[in-house]
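Chains, contacts and geometry: an overview
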Amino acid sequence: MNARRFVLLPALAAVASMATVAPNAGFAAAGVSHANMCAPPAGAQELVDPPNVEVWNLPLNAQGDHELILAVHHAGHGAGERFCYRYLWSGVVQTVAPTIRVHQGEHFAIRIVNDIVGPSKGEGVASTAIPPCMPMAMPAPVTHHYVGYLNHTIDDRYMKVPPVDTNLHLHGFEGPESEENIFLSTLSTPMHACEYHVTIPATQPAGTYMYHPHAHGASDAQVALGLAGVWIVEPRAAPLPDADEHVIMLRYRIPVVLDNSFAPDGTPFVAAAISHEASRAGATPVPYDPFNPPPWPDSYPMNAGGIASDPNGCDGLGSDVLMSVNGADAPAKLTVPAGVPQLLRIVNGTSDTASALQLHDESGKVQPMRLVGLDGIPVSGDSARPLATYVSTGEVMITSMSRVDVLMTLEPGQKLTLSTEHYCMGVDGFFEGHHNLVKISAGAVPATQTSTLDSAPAVIANTPAGKLVAFAHGHPSAVHRRALTFTEYFFPKNGKVPAHDAYYVTETTNPNFHEHPFWPTYASGATVPSNPDIVVKRGSVEEWYLINATMETHAFHIHQMAFVQERAVPGVPLMADTVFVPVGKLLPNKRDPNYALVKPRITKILLDFRNVPRGTFVFHCHMLFHEDRGMMAIVKVV
Ligand SMILES: [Cu+2]
């Protein structure tokens, strides 16, 4: 409840108090660098692309690989608190997260240096001097049991860490776990630095991807306050000149500005939810169909403290938050030449907010958007010609770290506005309002036309997504189905564990499930956990039913692979690596009118494990506040 307040303000408080919070055992450095190492947060209104770092132009490290050294810093105080990557490019120290450009098959190194907890030695040494990183140590588990979804048992484990550890996740990377291991910790070695050796798979689709930290418990604060950037797999022959491509990254504005104008105090709802959870002890499990589960009472009341929730089940009590685009206050301005195709690589760099994107003309009329790629995967499926085909839509939903590549050609003097629109976030979520993001205007047609481009509407049956859907329909017995359920609760103080909210994603295909948070355990010397929640056979095709049994939206993301989002835009399947999981529906509850029933909402995805590397990785909610509090699970492909 009042999620927005939880998302940003405790993150800020946690960062501000790092100097006084004792880090976990094993954190060697004490104290926090408060030097102003990140550039001032406020930017101009004109849209400026982040620096382009071509990995093939980076200096060579001691192993002969092109290497990018990203030092993670934090700076500022209060609402101006922020994180940034500091790095050297073209002889200049930069603090705007670079757009890292790579090719298929490219081999390079990225070093992440943790300067959050204090100056690290890891920045100035040869790459061969960096010891291998080990996984982040989890605290000794204390398990408390509660009654959860369909009266099944919850094994709750509470963990709270200040956002001082960091690492690297190449979101959308389809290579092996050994190159992209999010379990690793920069604080696991005295150097406080990890060296990642990456080879972009030859089959990695040409398109737009993201990178960000993935240290458990610290991701939300670090991404919310600035640590996210773009990586781009270049097509073999660039279809457009660089000048006609634009990275458009949505972030929370820093200093953070919350719009509380419609948000009453949700504190009484939290207190009521805690006593409601405590009263459910001793219930017996309910029989259920995993793929068509029954309605279930919401964890939160409809009324508390004289305040009523939205009876439509859509608008939460949390505050809206102002957005920025490439660091500039929204709406930012983008001026483009008329008559020349423009590629907008629109990325959601927020930690917890989905965006329902629309394009409007000057009269406010919705204009169709031509999507040529989603989450890095060209609609065409053709990495040599990623702009060759498009899907036309009036609206596209992109959750945290989702990307959409939009192609447009404007007429002389034409003006368009890219906006994010109000959508149903759920009564336990926050309010999501309309915001204009970018005002795009066309100048004159250039004297010499610089580029032309043929792009045609996609024939869905010929796309990678269309082909997998056809395979699944043609071979239903070959497709393994799983049900995965998203749940959330509020628990009372229990011994040394404080009152807290808890988020889970649980496989509920079999009736003997226990809800539990992400909690990896490691064999001695291992760099990936030995307790997978799901084991999948390489070579299989699976259909996962993502069941939202909460009154808040979520965002499903799985590492090392893309999947088919069966209705990415209405009626059209597309490949994606992150998908919006819409909120359940509220129904009246005769037994207890104060706790409405939630009819779970089901989002279906198809996962093709025929070309995925064997290994251990994760899937999770990409609303990072949820992920940091447990809504993540371990999948092993054998
Ligand atoms: Cu979530």
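Residues numbered from 1 in each chain as written. Predicted model: local features only at pLDDT ≥ 70, side-chain atom pairs only at ≥ 80, totals over all residues.

Before going further, it helps to spend a moment on the domain arrangement of the chain. Domain assignment breaks the chain into domain 1 (3–235) and domain 2 (283–301 + 463–637). Centre-to-centre separation of domain 1 and domain 2, based on C-alpha positions: 25 Å. With 37 residues of domain 1 at the contact, the number on the domain 2 side is 41 residues. If you list the elements that add at least two residues to the side of domain 1 that touches domain 2, you get helix H1 (3–16), strand E7 (143–147), strand E8 (153–157) and helix H2 (219–224). Considering every element that reaches the side of domain 1 that touches domain 2, the biggest residue donor is E8, with five residues. (Domains from an automatic or database assignment. Contact = placed C-beta atoms within 7 Å. Helix = DSSP H or I, 4+ residues; strand = E, 2+ residues; numbered from the N terminus.)

Structurally, the position occupied by Glu552 is in the loop between strand E36 (541–548) and strand E37 (554–558). Assessed through the 27 C-beta atoms surrounding it within 10 Å, Glu552 is described here as buried. Along the chain, Glu552 and Val427 lie 125 residues apart, while their C-alpha atoms are 6.6 Å from each other. (Buried ≥ 20, exposed ≤ 12 C-beta atoms within 10 Å, placed from the backbone.)

This part covers the nonpolar core. The biggest cluster of nonpolar side chains holds 171 residues, and the ones touching the most others in it are Leu70, Val325 and Leu371. Here this core spans two domains, and each of domain 1 (3–235) and domain 2 (283–301 + 463–637) adds at least three residues to it. With sequence-adjacent residues up to four places away left out, Leu371 is seen in contact with Val379, Tyr390, Val391, Thr393, Val396, Val404, Asp405 and Val406. (Core = buried A, V, L, I, M, F, W, Y, C linked by C-beta atoms within 7 Å.)

Along helix H4 (residues 464–474), the residues that are buried comprise Pro464, Ala465, Gly466, Leu468 and Ala472. Buried residues along H4 sit against strand E26 (377–378), strand E33 (479–491), E36, strand E38 (563–569), strand E39 (572–576) and strand E43 (601–608).

Taken together, five strands build an open sheet; the order of strands is E4-E3-E2-E6-E10 and the sheet is mixed. Each of the sheet's edge strands pairs with one partner strand only, and the pair in question is strand E4 (92–94) and strand E10 (193–199). Pairs of neighbouring strands in the sheet enclose a mean axial angle of 25 degrees, with direction left out of account. Where strand E3 (residues 82–89) lies against E4, three bridges are found, and the strand directions are antiparallel. Bridging across to E4, Trp89 finds its partner in Val92. (Pairing = 2+ DSSP bridges. Axes fitted to C-alpha atoms, helices over the stretch in contact; angles between N-to-C directions.)

Turning our attention to unusual backbone geometry. Following Ile254, the chain continues to Pro255 via a peptide bond in cis, the omega torsion being 0 degrees. Position of Pro255 relative to the elements: it lies in the loop between strand E13 (245–252) and strand E14 (258–259). The step from Ala330 to Pro331 runs through a cis peptide bond, and the omega angle for that step is 0 degrees. Here Pro331 lies in the loop between strand E20 (328–329) and strand E21 (332–336). For Gln560, which is not a glycine, the phi torsion comes out positive at approximately 65 degrees. Its place among the elements puts Gln560 in the loop between E37 and E38. C-beta crowding within 10 Å serves as the criterion here: with 24 such atoms nearby, Gln560 is assigned to the buried category.

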